[in-house]
Amino acid sequence: MWICRATTRNLIKRLCPRRYTYMRQYVTEPQAEKETIRVTFVLQDGTKKEIEAPIGKHILQLAHEHDIDLEGACEGSLACSTCHVYLDEKSYNKLPEPSDDENDMLDLAFGLTEYSRLGCQVVASPELDGMVITLPPATRNMMVDAHVSKHH
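Cut-off values and rules
Residues numbered from 1 in each chain as written. Predicted model: local features only at pLDDT ≥ 70, side-chain atom pairs only at ≥ 80, totals over all residues. Heavy atoms only, no water. Helix = DSSP H or I, 4+ residues; strand = E, 2+ residues; numbered from the N terminus. Buried < 20%, exposed > 50% of the residue type's maximum accessible area, 1.4 Å probe, protein only. Contact = heavy atoms within 4.5 Å. Areas by Shrake-Rupley, 256 points an atom, 1.4 Å probe, with all protein chains shown as cover. Pairing = 2+ DSSP bridges. pLDDT = per-residue confidence, 0-100. Phe/Tyr/Trp six-rings, centres within 6.5 Å; stacked < 30°, edge-to-face > 60°. Polar contact = N/O pair within 3.5 Å; in protein donor to acceptor, adjacent residues only side chain to side chain. Patch = residues over 30% accessible without salt bridge, like charges linked within 9 Å, V, L, I, M, F, W, Y side chains within 5 Å. Salt bridge = Lys/Arg side-chain N within 4 Å of Asp/Glu carboxyl O. Lys, Arg positive; Asp, Glu negative; His and termini not counted. Charge placed at Lys NZ, Arg CZ, Asp CG, Glu CD.

Concerning the overall build of the protein chain
Counting its secondary structure elements, the protein chain contains six helices and five strands. Each helix (α) and strand (β) of the protein chain, taken in turn from the N terminus, gives the series α-α-β-β-α-β-α-α-β-β-α. Per-residue burial over the protein chain gives 30% buried out of 152 residues. A separation threshold of at least 6 residues defines the contact pool for the protein chain, and within that pool the share at least 24 residues apart is 60%. Summed over its atoms, the accessible surface of the protein chain is roughly 10500 Å², and 52% of this surface lies on carbon and sulfur atoms.

A short note on the pairing of strand S1 (residues 36–42)
For S1, a buried count of five out of seven residues is recorded, marking the element as mostly surrounded by other parts of the structure. Two successive antiparallel strands, S1 and strand S2 (residues 48–54), enclose a turn made up of five residues, where Gly 46 displays a positive phi of approximately 95°. Note: S1 against strand S5 (residues 131–134), four bridges, orientation parallel. By the bridge assignment, Val 39 is partnered in S5 with Met 131.

Some points on the confidence of the model for the protein chain
Of the residues in the protein chain, 69% reach a pLDDT of 70 or more, and the chain-wide mean stands at 82. Low confidence marks residues 22–29, where pLDDT is under 50. Its contacts with residues over four positions away, or in another chain, come to two contacts.

Quick word on the packing of aromatic side chains
Evaluation of the coordinates by the stated rule reveals one aromatic pair. Aromatic pair Tyr 92 and Tyr 115: ring centres 5.5 Å apart, planes at 80°, arrangement edge-to-face. With Tyr 92 in helix H4 (residues 89–94) and Tyr 115 in the loop between helix H5 (100–106) and strand S4 (116–118), this residue pair connects regions lying 23 residues apart in the sequence.

Topic: the environment of His 84
If you trace the backbone, His 84 turns up in strand S3 (residues 84–87). Those residues in contact with His 84, other than ones at most four positions away along the chain, are Leu 70, Leu 106, Ala 109, Phe 110, Gly 111, Leu 112, Ser 116, Arg 117, Leu 118 and Pro 136. Of the polar contacts made by the side chain of His 84, one reaches the side chain of Ser 116; its length is 2.8 Å.

Here's the deal with a negative patch on the surface
On the surface, Asp 100, Asp 101, Asp 104 and Asp 107 cluster together into a negatively charged patch. On the secondary structure map, Asp 100 appears in helix H5.

Written as structure tokens, this is what we have:
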């Protein structure tokens, strides 16, 4: 016979009130999963902007929603490196390894570091609460930078 936790807890509470009070100090209720996390963007001029980030949103989306100057020329399709950011070491180590496609795009990024990621590939999750995202001093947009104008 299967009995849920609440039913068991109510039975103990009614049948053994002193034991329930004693046990209660050691049993914690499961915490509801957070719907947002705290994220700090460090802008190019060094100022910090702290935001509440909904779980499941990409860094690129968050930046655009909060008027943070992160380009995203390919609109998150993993075809450029303009949403290149630096993550704090703790957050970087909690993420899965970058995919081969992301690494290919990161190779084109300006100012690549060991904690570089593309903002379109990093998704807000509960374990990233407190993440610090630093914007690089410049970006490289191959669509614009590689364009050679034709003189007539």
